[in-house]
Amino acid sequence: MVQLVTELESTELQSIILTNDYGMSVEIINFGARIKSIKFPVNGVPTEMILGYATPQEYIDDEFYLGATCGRVCNRIAGGKFELAGRQYQLALNDGENCLHGGPDNFSLRYWQVCKRTLTSSSVTLSLFSPNGDQGFPGNLELSVTYQLSADNKLTVEYSANTDLATPVNLTNHAYFNLGEKDCQSLYLQMMSSAILETDAANIPTGKILSVAETDYNFREPVSIGYRQQHTEDKSLQEKNGFDHCFILDNSPDEQPKAILTSLEHQVSLSVYTNQAAIQLYTGYYLTGQFSAYQGLCLEAQNYTDADNNKHFPSNILKPNQQYQRKIIYKFESIN
């Protein structure tokens, strides 16, 4: 049975719990279309897999994008500016001189509409309307995200959007995974990526694409996050106190995992499947308050960072005659 914890108007907080027969559960809240909780059985005990607040109300003042849907364009846009069809657009700034995750009033801070018509015990769709000029972006954008929990413990996240004017769109989810451990340092990560985007001190791409071969960005075989961060001699990793980098995914079939995160302590693995072009790996150094640095890591499946100012990157531009469709699948498995 679907659990709609709070049944209120769309401008009020709503929480939906999805379940399957295996004992896995996922809690979604309409504020920011966020994943609040993912519980997966460890030795028969439902165990929290992601970082989160105790109550839905605490997400209202969240500054870390916990479990949030980020957009209209996730990650950073240099100078909060881009040119489209010969016109220069200036966006709202919220990361120094740059626009981060869509601006100061981004999608993670909006109340999304829960589609009750399609609500089931294993699936929920949330929708949002972003008007022309929202945070400086052109076009009226209609978008939705569907969360579906399968019997074999896959949480599928599907984004869909359309517009009446050409506009950049790049959506992702910002969940912090720790697979039930106290932090992400002891987790092992494997990523099917042969290159990263070079970035400056403000995390803005320089336009260069760098090979991961013989570097500390090589996760083609499983590597301990903590060991890699603590023993690195890489200047960028040292300056950023860990990973906050865009990894370009290899061109492999969508049905093959693009990243695998493993907890040896709990004998749990998370496989990430996506049709996105890249994953931003962020190991959570800036978590503060009731959280601590490295308490979780993000695997943000998305397009290349700042694609709107780097024309040799895959385009973010959605046109009126197109449908934006992107998918992320998080599959949890016991490995013992």
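Residues numbered from 1 in each chain as written. Predicted model: local features only at pLDDT ≥ 70, side-chain atom pairs only at ≥ 80, totals over all residues. Heavy atoms only, no water.

If you tally the helices and strands in the protein chain, you get two helices and 28 strands. Principal-axis analysis of the C-alpha atoms gives the protein chain an extent of 60 × 50 × 40 Å. When each of the 336 residues of the protein chain is scored for burial, the buried share is 57%. Within the protein chain, contacts between residues at least 6 apart in sequence are counted, and of these 65% link residues at least 24 apart. Just so you have it, the protein chain exposes about 13900 Å², and 47% of that area is on carbon and sulfur atoms. (Helix = DSSP H or I, 4+ residues; strand = E, 2+ residues; numbered from the N terminus. Buried < 20%, exposed > 50% of the residue type's maximum accessible area, 1.4 Å probe, protein only. Contact = heavy atoms within 4.5 Å. Areas by Shrake-Rupley, 256 points an atom, 1.4 Å probe, with all protein chains shown as cover.)

Take the packing of aromatic side chains next. As enumerated under the stated definition, the model contains 19 aromatic pairs in all. Ring centres of Tyr 53 and Tyr 59 lie 4.9 Å apart, and the angle between their planes is 85°; on these two criteria the pair is classed as edge-to-face. Where Phe 107 meets Trp 112, the ring centres are 6.3 Å apart and the plane angle is 85°; that geometry is what we call edge-to-face. The exposure classification of Phe 107 matches that of Trp 112, with both residues buried. Note that Arg 228 overlies the ring of Phe 219, its terminal NZ or CZ placed 5.2 Å from the centroid. (Phe/Tyr/Trp six-rings, centres within 6.5 Å; stacked < 30°, edge-to-face > 60°. Lys NZ or Arg CZ within 6 Å of the ring centre and 35° of its normal.)

Now for the sheet that holds strand β12 (residues 123–130). Sheets are built from strands paired through backbone hydrogen bonds, the pairs being either parallel or antiparallel. Spatially, nine strands are ordered β11-β12-β13-β14-β28-β24-β23-β18-β21 in an open sheet, and the strand pairing comes out antiparallel. Bordering the open sheet on either side are β11 (113–114) and β21 (223–224), each of which pairs with just one other strand. (Pairing = 2+ DSSP bridges.)

Moving on: the pattern of salt bridges. Within the structure shown, the criterion is met by eleven salt bridges. In this structure, Asp 95 and Arg 76 form a salt bridge, with 2.9 Å as the shortest nitrogen-oxygen distance. You can see Asp 95 sitting in the loop between β9 (87–90) and β10 (99–100) and its partner Arg 76 sitting in strand β7 (residues 76–77), a full 19 residues away along the chain. We classify Asp 95 as partly exposed; its relative accessible area is 23%. Since its relative accessible area comes to 12%, Arg 76 is described here as buried. The partner of Arg 110 in a salt bridge is Asp 105, and the shortest N-O contact between them spans 3.2 Å. By relative accessible area, Arg 110 is classed as buried at 13%. Residue classification places Asp 105 among the partly exposed residues on the basis of a relative accessible area of 35%. (Salt bridge = Lys/Arg side-chain N within 4 Å of Asp/Glu carboxyl O.)

Now for the state of the cysteines. Using the criterion set out here, one finds zero disulfides in the structure. The cysteine Cys 99 is free of any disulfide, with Cys 74 supplying the nearest cysteine sulfur at 11 Å. The class for Cys 99 is buried, based on a relative accessible area of 1%. Sulfur of Cys 246: no disulfide; nearest cysteine sulfur belongs to Cys 74 and is 8.7 Å away. (Disulfide = S-S within 2.5 Å.)

The next subject is unusual backbone geometry. With an omega of 20°, the peptide bond running from Gly 71 to Arg 72 counts as cis. Position of Arg 72 among the secondary structure elements: in the loop between β6 (69–70) and β7. Positive phi is not limited to glycine here, since Gln 267 has a value of about 55°. Tracing the chain through its elements places Gln 267 in the loop between β23 (259–263) and β24 (268–274). The partly exposed category is assigned to Gln 267, whose relative accessible area is 26%. Unlike most non-glycine residues, Asp 306 shows phi in positive territory, near 55°. When you line up the elements, Asp 306 lands in the loop between β26 (297–302) and β27 (317–318).

Okay, the confidence of the model for the protein chain next. Looking at the protein chain as a whole, the pLDDT averages 96, with 97% of positions reaching at least 70. Low pLDDT, under 50, characterises residues 1–9; the predicted model gives this stretch 21 contacts beyond four residues in sequence or across chains. (pLDDT = per-residue confidence, 0-100.)

Further remarks concern the environment of Leu 143. If you trace the backbone, Leu 143 turns up in strand β13 (residues 141–149). Accessibility expressed as a relative area gives 3% for Leu 143, which makes it buried.

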